[in-house]
Amino acid sequence: MEIRDLEYFIEVANHKNFTKAALQVHLSQTALSKAVKKVENELGFELLDRSTRELKLTDAGEVVYHQATKALSVLKDMPHLLGDLMNLQTGQIKMGVPPLIGTLFFPKIAKSFNKQYPKVSLELIEFGAKKIEALVEEAGVDMGIVMLPLTSGHDDHFHVYPFVKERFLLYAHKNHPLAKRSSVWMKELEDEKFIMFSEEFTLHDRLIQDALKSGFVPSIAYKSSQWDLIIELTTAELGIAILPESLYAKVKDPNIITIPIADPEMMWELGIILLKERYSSFAVRELISFLTEKQMTNKLELNRGWEITASIHSKDKRIGYMI
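Residues numbered from 1 in each chain as written. Predicted model: local features only at pLDDT ≥ 70, side-chain atom pairs only at ≥ 80, totals over all residues. Heavy atoms only, no water.

K.L.:
Any chance you could break down the overall build of the chain for me, citing the residues and the numbers?
P.N.:
The helix and strand tally for the chain stands at 10 helices and 12 strands. For the chain, the proportion of its 323 residues judged to be buried stands at 48%. With the model as given, the accessible surface of the chain reaches about 16,100 Å², and the carbon-plus-sulfur share is 52%. (Helix = DSSP H or I, 4+ residues; strand = E, 2+ residues; numbered from the N terminus. Buried < 20%, exposed > 50% of the residue type's maximum accessible area, 1.4 Å probe, protein only. Areas by Shrake-Rupley, 256 points an atom, 1.4 Å probe, with all protein chains shown as cover.)

Right under this line is the structure:
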């Protein structure tokens, strides 16, 4: 069995679609299908359930997927180990981040890190935080930036480095009855219609939990994976949104106002996560050090005057950057 065929199978499993996977690996759909079928024939098991519109892993497919990702991760670590022996300050970092985090933090981090390590490349893989946690645990990415606390229940599997902590704000139209308030308690939003991130994002679950703690089940009017659409729906007076404070610098519509939420626990905390049992390359270690050093607080001031102590976020596509 060829390593390349296993890589093709993993891409198909990740995308749940031959067409999308073929575009990612720059292969024809027919050739990709043959490569996956070859793996199935050699193992003697069907790995993909092709009976539904979206491909699903069979029980055997789940086993092969997890074992193959681990095996390929070990192979990919080999050049990093050899590179460290030669003390080369070059490398590649595959980082998983949710879209909102990427929007807020990545450009300035990339610019600053590039000044010190121009030969280190960063591939940004964008999914919701739940998927990012899974990718880090499966060694699909080198590191991830997610919302804390972790949702997987596998906290002991990860090294966690705190990155950002800031307030949540209520985002509403300027004509909203609460618009003139200096602050608002979560329990006062019981009768509001909420516009939230969709279920694959940790922020969705977090806000529901906060509402339940305040004594009510939130009425969710709309869900989206895009923060800018959430803002547009709020501008159209279709509901209210609860989002991080730093996002307001990206909002250009003058009809949107923000109100601090008085509940002290309503904080947005982010952390950098690495798999404990996995080798971390020189490049990854340097980025972690770069992000967590105290001087980063002075170097990376964000648009609204507050500062970060270390992090990153993104969406359902892969983007390559040199940093």
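K.L.:
Please set out the nonpolar core residue by residue, giving values where relevant.
P.N.:
In this structure, Leu189 and Ile242 are the most contacted members of the largest nonpolar core, which totals 64 residues. With 8 residues, helix α5 (residues 99-116) is the single largest residue contributor to this core. Ignoring sequence-local partners within four residues, the contact set of Ile242 consists of Phe168, Leu169, Leu170, Met186, Leu189, Phe194, Leu203, Leu207, Ile261 and Met266. Within the second largest apolar cluster, 21 residues are counted, among which are Val12, Phe18, Val25 and Leu72. (Core = buried A, V, L, I, M, F, W, Y, C linked by side-chain atoms within 4.5 Å. Contact = heavy atoms within 4.5 Å.)

K.L.:
Requested: an account of a positive patch on the surface, with residues and values cited.
P.N.:
On the surface, a cluster of positive charge is made up of Lys108, Lys111, Lys115, Lys250 and Lys252. Structurally, Lys250 can be placed in the loop between β9 (241-244) and β10 (256-260). (Patch = residues over 30% accessible without salt bridge, like charges linked within 9 Å, V, L, I, M, F, W, Y side chains within 5 Å. Salt bridge = Lys/Arg side-chain N within 4 Å of Asp/Glu carboxyl O. Lys, Arg positive; Asp, Glu negative; His and termini not counted. Charge placed at Lys NZ, Arg CZ, Asp CG, Glu CD.)

K.L.:
Describe the environment of Leu212, and please don't skip the residues or the numbers.
P.N.:
With respect to the helices and strands, the residue Leu212 is situated in helix α7 (residues 202-213). Sequence separation between Leu212 and Met186 is 26 residues; the distance between their C-alpha atoms is 9.9 Å.

K.L.:
How would you explain the packing of aromatic side chains if you had to name every residue and give the values?
P.N.:
A complete count under the given rule lists 7 aromatic pairs for this structure. Ring geometry for Phe105 against Trp268: centres 6.3 Å apart, planes inclined by 20 degrees, an arrangement best described as stacked. Highlighted residues: Phe105 in helix α5 and Trp268 in strand β11 (residues 267-275), separated in sequence by 163 residues. Residue classification places Trp268 among the buried residues on the basis of a relative accessible area of 1%. Lying over the aromatic face of Phe127, Lys131 brings its terminal NZ or CZ to 5.8 Å of the ring centre. (Phe/Tyr/Trp six-rings, centres within 6.5 Å; stacked < 30°, edge-to-face > 60°. Lys NZ or Arg CZ within 6 Å of the ring centre and 35° of its normal.)

K.L.:
Could you give an account of the pairing of strand β8 (residues 219-224), with specific residues and numbers?
P.N.:
The pairing of strand β7 (residues 193-197) with β8 spans 5 bridges and is parallel. Among the inter-strand pairings, Phe194 is bridged to a residue of β8, identified as Ile220. Read as a crossover between parallel neighbours, the route from β7 over α7 to β8 is right-handed. (Pairing = 2+ DSSP bridges. Right-handed = clockwise from strand over helix to strand, strands pointing away.)

K.L.:
Let's hear about the confidence of the model for the chain: which residues, and what values?
P.N.:
In the predicted model, the chain carries a mean pLDDT of 85, and the fraction of residues at 70 or more is 88%. Note on residues 294-323: pLDDT under 50 across the span, and 125 contacts to partners over four residues away in sequence or across chains. (pLDDT = per-residue confidence, 0-100.)

K.L.:
Tell me about the packing of helix α2 (residues 18-25) against helix α3 (residues 29-43), residues and numbers included.
P.N.:
Interhelical geometry of α2 versus α3 gives an angle of 100 degrees and a closest axis separation of 9 Å. When the axis of α2 is compared with that of α3, the two are roughly perpendicular. Listed contacts from α3 to Phe18, Thr19, Ala21, Ala22 and Val25 of α2 are Gln29, Leu32, Ser33 and Val36. Of the residues assigned to the contact of α2 with α3, the class counts are 6 nonpolar, 3 polar and no charged. (Axes fitted to C-alpha atoms, helices over the stretch in contact; angles between N-to-C directions. Parallel < 35°, antiparallel > 145°, perpendicular 65-115°, else oblique. Nonpolar A, V, L, I, M, F, W, Y, C, P; charged D, E, K, R; others polar.)

K.L.:
Tell me about unusual backbone geometry, residues and numbers included.
P.N.:
Cis peptide bonds are those with omega within 30 degrees of zero, and the linkage from Leu148 to Pro149 qualifies with 0 degrees. Within the fold, Pro149 resides in the loop between β5 (143-147) and β6 (158-173). If you check the backbone angles, Lys16 has positive phi at about 55 degrees while not being a glycine. Tracing the chain through its elements places Lys16 in the loop between α1 (3-15) and α2. Taking the relative accessible area as the measure of exposure, Lys16 reaches 40% and is therefore partly exposed.

K.L.:
Lay out the environment of His157 in plain terms, naming residues and giving numbers.
P.N.:
The topology assignment puts His157 in the loop between β5 and β6. Residue classification places His157 among the partly exposed residues on the basis of a relative accessible area of 31%.

K.L.:
Would you mind going over the packing of α1 against α3 in detail, with residue names and values included?
P.N.:
It is the contact of α1 with α3, at a shortest axis distance of 9 Å, that shows an interaxial angle of 110 degrees. In terms of orientation, α1 lies roughly perpendicular with respect to α3. Here α1 contributes Asp5, Leu6, Tyr8, Phe9 and Val12 to the contact with α3, which in turn contributes Leu32, Ala35, Val36, Lys38 and Val39. In terms of residue class, the contact of α1 with α3 is built from 8 nonpolar, no polar and 2 charged.

K.L.:
Tell me about a nonpolar patch on the surface, and name the residues and values.
P.N.:
Together, Ile3, Leu75, Met78 and Leu82 give the surface a local cluster of nonpolar side chains, amounting to about 370 Å² of exposed area. If you tally residues by element for the nonpolar patch, the top one is helix α4 (residues 59-85), at 3 residues.

K.L.:
Could you give an account of the pattern of salt bridges, with specific residues and numbers?
P.N.:
Taken as a whole, this structure holds 12 salt bridges when the rule is applied. Ionic pairing is found between Glu40 and Arg50, a salt bridge with its closest N-O pair at 3.0 Å. With Glu40 in helix α3 and Arg50 in the loop between β1 (48-49) and β2 (56-57), this pair connects stretches of sequence that are 10 residues apart. Relative accessible area serves as the criterion here: at 3%, Glu40 is assigned to the buried category. Among the charged side chains, a salt-bridge network with shared partners connects Glu2, Asp5 and Lys38.

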